[in-house]
Each structure stands twice: as C-alpha cells, then as structure tokens.
Amino acid sequence: MNSSKPSTRTKFIFITGGVLSSLGKGLAAASIGALLESRGLSVTFQKLDPYINVDPGTMNPFQHGEVFVTDDGAETDLDMGHYERYTNAVMAQKNNYTSGRIYYSVISKERRGEYLGGTVQVIPHITDEIKNAILQLADTVDVAIIEIGGTIGDIEGLPFLEAIRQFRFDVGRNNSLFIHVTLVPYIKTAGEVKTKPTQHSVKELRAIGIQPDILLCRTQSVLTKSLKEKIALFTNVPTDAVITAKDVKSIYEVPVLFHKEGLDDKILELLNIWTGAPKIKPWEDLIKKIKNPKHNVVIGIIGKYVDLTESYKSLHESLVHGGIANDAKVELRYVSADDLEESGSADALAGCQGILVPGGFGKRGVEGKILAVNYARTNRIPYFGICLGMQLAVVEFARNVAGMEDAHSTEFDKKTTHPVIYLMKEWYDFRTKQVQVRDETSDMGGTLRLGSYPCNLHKSTFAYSAYAQKEIHERHRHRYEFNPDLREELVAKGLVISGASPDNTLVEIIELADHPWFLGCQFHPEFKSKPMKPHPLFREFIKAALAYSQEQ
Ligand code: GLN
C-alpha cells in the first residue's frame, strides 16, 4: 500500500473498547458476526493485540487466559475461540496479530535492508504493516470484523488506532465502521446509571481522530431513551446507534439481544449493504434449550488453573455444548490437582458424575491428576482425558493395570524404565508433510505438535460411535507422544487404541473396553465445538455422565 486506495468488495468493522477491560469485546465481535451470517453474509475476524509477545503461545494462561489453537497451528488469543464458536469462520495465523509480531516483521525487513536506508518509524512503517495485515482479509468475505485488544487510552494501542483511522480514510466511509464498546455503570449510592465514563472514552477516541459510529454500552439493565439521548448528545453518535449491551446469563443470548436493539439493521444501513431478514430462530431456540434443561450433571475438572475459568475457556464452553446436546445443565466443579496430590485421596471427587483431566504442562499436580484417573477408572465413572489427561490415563493404566510400576511420561520422570509417554525423536508430520526431528534440547516453542492432524478411527469403539466416521481431523498442542515401543504390551493388558495417525505411528485416542465410558485423546477437541454443533466427544461424555447419574 499505502497511499493508493485499496478497492475491495469486503467491508470492515473495527471494534474498540473503552473505560475498562473485560467488557466482552470479543463476544460482541463474535455476536455481530453471527448476526451478519444469519443474514446470509460471509464474515471473518481479526484480533489485533497490543502486547509485545509475538504470539500468546509462551504466555501463562493464568495471566492471559487460554491459548487457542487454529487448524494451521497458530497459537492465538482466546477470542479466536469465540469467533469460531459463533460463526462458520475458520481462524488462522493471519487472524491474530500482536504488536510484537508487527514490530518483528518491520525490524526483520529493516535488517534485510528493505527500507533502503530510510528512517524506520511508527508512522508510516508500523502503521503500514498493520494496514497490510488487515488487508489480507480483503476479498475473502463480505464483512471482516477487526477487534482491537486493550482499552482506549493505553499507550501501546496507539499504533493500531492510528492504522485503523488511516484505513477508514483509505477505504471510505461506506466500506468501514467504528464500533466502540463502553461501560455505563450503575452507581448504587447515587441510585443512577452514569454516562460520564462513556463520554470520556469517546472523547479520548475522537482526540486521535476516530469518531465511533455505534456505541455498545455494557449495562446491568436496559438504557432508557433519555439516557441514550444524553449519550448521543455528548458523543456525536445518533441515538439509534447507541445500543444497550445488557448483562445476560448465557453468552449465547448476546446475538439475539443485539438484534432486538437493532444493531444488525444499523450496521447494514451504515455499510450500505442490502440483505434479507435475518434467520434468528436457531439462536432463539438455542437459548430456550439452555434456559430450560431437563437434567443436571456434575462434572469434575481436575486442573492447575482452577481459579480461572478463562484458562479453560473453550473446554468450559464445550462442556456446555455437550449439555445442550443432552438437554442437561452441566455443573462444573473445578478441583485443584495440587489439593488432590497433597491429600493423597480422591475424596474431593465424590459426587462427580463425570471426571475430566484437561491439557496441561509442568509437573505440579500430576500425581493428583493420576489419582483422579484412578478414581474414575476403578469407580467406573465416565472419564474424559484431554492431551495431558490422555497421557496420564496411559500412565495410570500402565502402573496399576499393566504392572509397570514406575511408568511415567519422560516430561516428568526422565529415568523411568517404562516411558509410556516420551519425546518421539523422528516422525512423519501429516500437516507439514515433512519428517520432524525433536529432542530434549530443541527450542521450547519449536518442538510442539501444533494444529490440525488426521486420525483414523477403529470401529466398535467409543470414539467411532461418537464421530460415526472413519477419518477425523483434530487440533493438537503438545510435545510428548504415546511410546510405540510399549504399545503392544499395554494393548495386551486391555488398553484400546481407538484412533491413530494414518501411518499408525502416533496414538491419538485410547479407551478402556471394560468401562461405561473412558476415553483419552491426544488432541484438543474443545477447539472445535460450537453451541449449534456440539463436539461428538463432549456430547458422548455428557451422555455417559448423565447415564451414570441416573444409575446412582
Ligand atoms: N505437557 C504435555 C505435552 O507437552 C501435554 C500438553 C497438553 O496437554 N496440551 O505433551
């Protein structure tokens, strides 16, 4: 680019956030996408995050929430998960940029001499790099929704805001839109809702040249007409573009709520797009189902980040989806693996009708998780192990059923004589179509198996009856693998290998035959579950848990 005006059929919606973080910008973006799709438009998304990490792969989920993995193996922000759950859009590396990634690219070009000796500056070089990142979405869909991370007023967000200001200038008013998500708090002592934070946030935006077209006001209750008028007057946003984004019980209510407020009509009017009426009924039906479940089921999740549901975002949602498929409310009970380990007993799991050990890294709490697997296996409680949860199910089986007393993953015990889970030195990578070589000294980030891989299922297994197809594709994020040298011995003792890579070298799913439902998968099915299309494994796990609860 960038002095030339790009011509594209794609329209761009930019979403910023004001006042404070956690206002649900990601959900707002996803819901807007859902509404536009319900009108027959195709959509995609992009998240621009102001932090310096090149991607969230190395970030502690405690601080940043879950790392969401895409088909192409990108480690991205958890908002990608919302985008995919609410729409048909498939996210990839190009849908998530951080400041770090933008700067890295500019600095690499500078080192290669691509700026021909010029002074490299935030404007235009960084802003051009950002605009080019956004332009990758051009012509791929009807509408691209771009969410700017962080809050207006943060220093580090400025280059992104300057870039989108210019972008609108480049593509024109009818082809782009600024939506600002803000807070209208209720102040108890005054007994009033306050518009001042919104006024200030918009003032801040205007100071950098961005006049929002639509405001999404997060509130506890519906904004009255006179309040909307007041906000309109102070912010230059027409009253009918001041939208109430009321707090809701289920996040899946947001698209319908926005639609009732006229948001999709307004967006189409401003972007000059004509479509038929939206097909909103599937969302309404979904809410009805969520709000009136017939059954209730208690699922224990044994994890490390037990205090923060954000770190298990997709998992949490997938379980809700599994509940929707079974007309059940899923009650999640987060149990600390550390506590189990310290107490040396699984008593805390009493009352759980299904037990799930999710993915994880690091030694802390591992023995507690193994205890939970043992409890589920021996008490015949439905068990679902995901990634680390699958690996530890193999460890537990090896130790307690196959008589390999010191069995472990070499991630946690390098000297074990039964390394049932280990680092595979060489393997054929079906995604990149290359032979991969790994060892203990390889780079921290570089050795993960990341992204979508094919897996063949064996008939007459829990996995096959869930998916009802032979070949599946699921997303991975792990270093360690099931050790093929010990496979035969474990199978002889009763472990079922129900899914493996097409060349049969990588074990992808294990099960127990003599159990109501016991399954561990090396991949992360939670990255592909949607409320409208619950993932088969979560559907079946909840079904089994429900059956277990009804037997009790
Ligand atoms: N720590 C394990 C590995 O690297 C499992 C990773 C995970 O659960 N995502 O293989």
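Residues numbered from 1 in each chain as written. Predicted model: local features only at pLDDT ≥ 70, side-chain atom pairs only at ≥ 80, totals over all residues. Heavy atoms only, no water.

Draft legend 1. Expanded view of the site of the ligand. By nearness alone, every residue bordering the ligand is listed as Gly359, Gly360, Phe361, Cys387, Leu388, Gln391, Glu411, Arg477, His478, Arg479, Tyr480 and His524. Contact distances for the ligand include 2.8 Å between a nitrogen atom and a backbone N or O atom of Arg477. At 2.8 Å from an oxygen atom of the ligand is found a main-chain nitrogen or oxygen belonging to Tyr480. Along the lines of polarity and charge, the residues of the shell around the ligand split into four nonpolar, five polar and three charged. (Near = heavy atom within 4 Å. Polar contact = N/O pair within 3.5 Å; in protein donor to acceptor, adjacent residues only side chain to side chain. Nonpolar A, V, L, I, M, F, W, Y, C, P; charged D, E, K, R; others polar.)

Draft legend 2. Representation of a nonpolar patch on the surface. Where nonpolar side chains cluster on the molecular surface, the patch consists of Tyr428, Val435 and Val437 and spans about 280 Å² of accessible area. Structurally, Val435 can be placed in strand S19 (residues 434-437). Judged by relative accessible area, which is 52%, Val435 ranks as exposed. (Patch = residues over 30% accessible without salt bridge, like charges linked within 9 Å, V, L, I, M, F, W, Y side chains within 5 Å. Areas by Shrake-Rupley, 256 points an atom, 1.4 Å probe, with all protein chains shown as cover. Salt bridge = Lys/Arg side-chain N within 4 Å of Asp/Glu carboxyl O. Helix = DSSP H or I, 4+ residues; strand = E, 2+ residues; numbered from the N terminus. Buried < 20%, exposed > 50% of the residue type's maximum accessible area, 1.4 Å probe, protein only.)

Draft legend 3. Spatial organisation of the pattern of salt bridges. All chains considered together, the criterion is met by 35 salt bridges. The partner of Lys288 in a salt bridge is Asp285, with the nearest N and O atoms 4.0 Å apart. Linking Lys288 with Asp285, this pair stays in helix H11 (residues 281-291), spanning three residues, or about one helical turn. For Asp285, a relative accessible area of 31% puts it in the partly exposed group. Of the charged contacts, one joins Arg399 and Glu367 as a salt bridge, the two residues approaching to 3.0 Å between their closest N and O atoms. Taken together, the positions of Arg399 in helix H15 (residues 388-400) and Glu367 in helix H14 (residues 366-378) put the pair 32 residues apart, joining distant regions of the chain. With a relative accessible area of 18%, Arg399 lands in the buried category.

Draft legend 4. Quick peek at the sheet that holds strand S1 (residues 11-17). Pairing within the open sheet is parallel, and its seven strands lie in the order S5-S2-S6-S1-S7-S10-S11. Each end of this open sheet is capped by a strand with a single partner; those strands are strand S5 (96-98) and strand S11 (242-246). Neighbour-to-neighbour, the strand axes of this sheet turn through a mean angle of 20°, independent of strand direction. Taken together, the three bridges between strand S2 (residues 43-49) and S5 define a ladder with parallel strand orientation. Looking at the pairing, Leu48 lines up with Tyr97 of S5. Strand contacts of helix H6 (residues 158-171): S1, S2, S5, strand S6 (143-148) and strand S7 (176-183), with the helix running at about 145° to S7, the strand carrying the most contacts. Contacts between helix H7 (residues 196-207) and the sheet are confined to S1, S7 and strand S10 (214-219), with S7 contributing the most and set at about 145° to the helix. (Pairing = 2+ DSSP bridges. Axes fitted to C-alpha atoms, helices over the stretch in contact; angles between N-to-C directions. Contact = heavy atoms within 4.5 Å.)

Draft legend 5. Just the side chain of Gln166, in detail. Position of Gln166 among the secondary structure elements: in helix H6. Gln166 has contacts with Ile123, Thr127 and Lys131, leaving out every residue within four places of it along the chain.

Draft legend 6. Representation of unusual backbone geometry in the model. In this model, Ile123 is joined to Pro124 through a cis peptide bond whose omega is 15°. By the secondary structure assignment, Pro124 is in helix H5 (residues 122-135). Although it is not a glycine, Cys387 sits at a positive phi angle of roughly 55°. When you line up the elements, Cys387 lands in the loop between strand S15 (383-386) and H15. Of note in this structure, Ala468 is not a glycine but carries a positive phi near 55°. Mapped onto the elements, Ala468 comes out in the loop between helix H16 (462-467) and strand S21 (471-478).

Draft legend 7. A look at the packing of aromatic side chains. Under the definition given, this model contains 17 aromatic pairs. Geometrically, the ring pair formed by Phe12 and Phe167 is edge-to-face, given 4.7 Å between the ring centres and 70° between the ring planes. With Phe12 in strand S1 and Phe167 in helix H6, this residue pair connects regions lying 155 residues apart in the sequence. The class of Phe12 is buried, set by a relative accessible area of 0%. Judged by relative accessible area, which is 0%, Phe167 ranks as buried. Relative to Phe541, the ring of Phe384 lies with its centre 5.4 Å away and its plane at 55°, an arrangement referred to as tilted. Taken together, the residues Phe384 in strand S15 and Phe541 in helix H18 (residues 536-551) connect sequence positions 157 residues apart. With respect to class, Phe384 is no different from Phe541; both count as buried. (Phe/Tyr/Trp six-rings, centres within 6.5 Å; stacked < 30°, edge-to-face > 60°.)

Draft legend 8. Structural detail: the pairing of S11. Across the five residues that make up S11, a large majority, four, are buried. Note: S10 against S11, five bridges, orientation parallel. Pairing of Thr219 across the sheet is with Lys246, part of S11. Crossover connection from S10 via helix H8 (residues 225-235) to parallel S11: handedness right-handed. (Right-handed = clockwise from strand over helix to strand, strands pointing away.)

Draft legend 9. Fine view of H15. End to end, H15 covers 18 Å across 13 residues, agreeing with the expected 18 Å (1.5 Å per residue, within 8%). Among the 13 residues in H15, twelve count as buried, and that is most of the element. (Expected span 1.5 Å × (residues − 1).)

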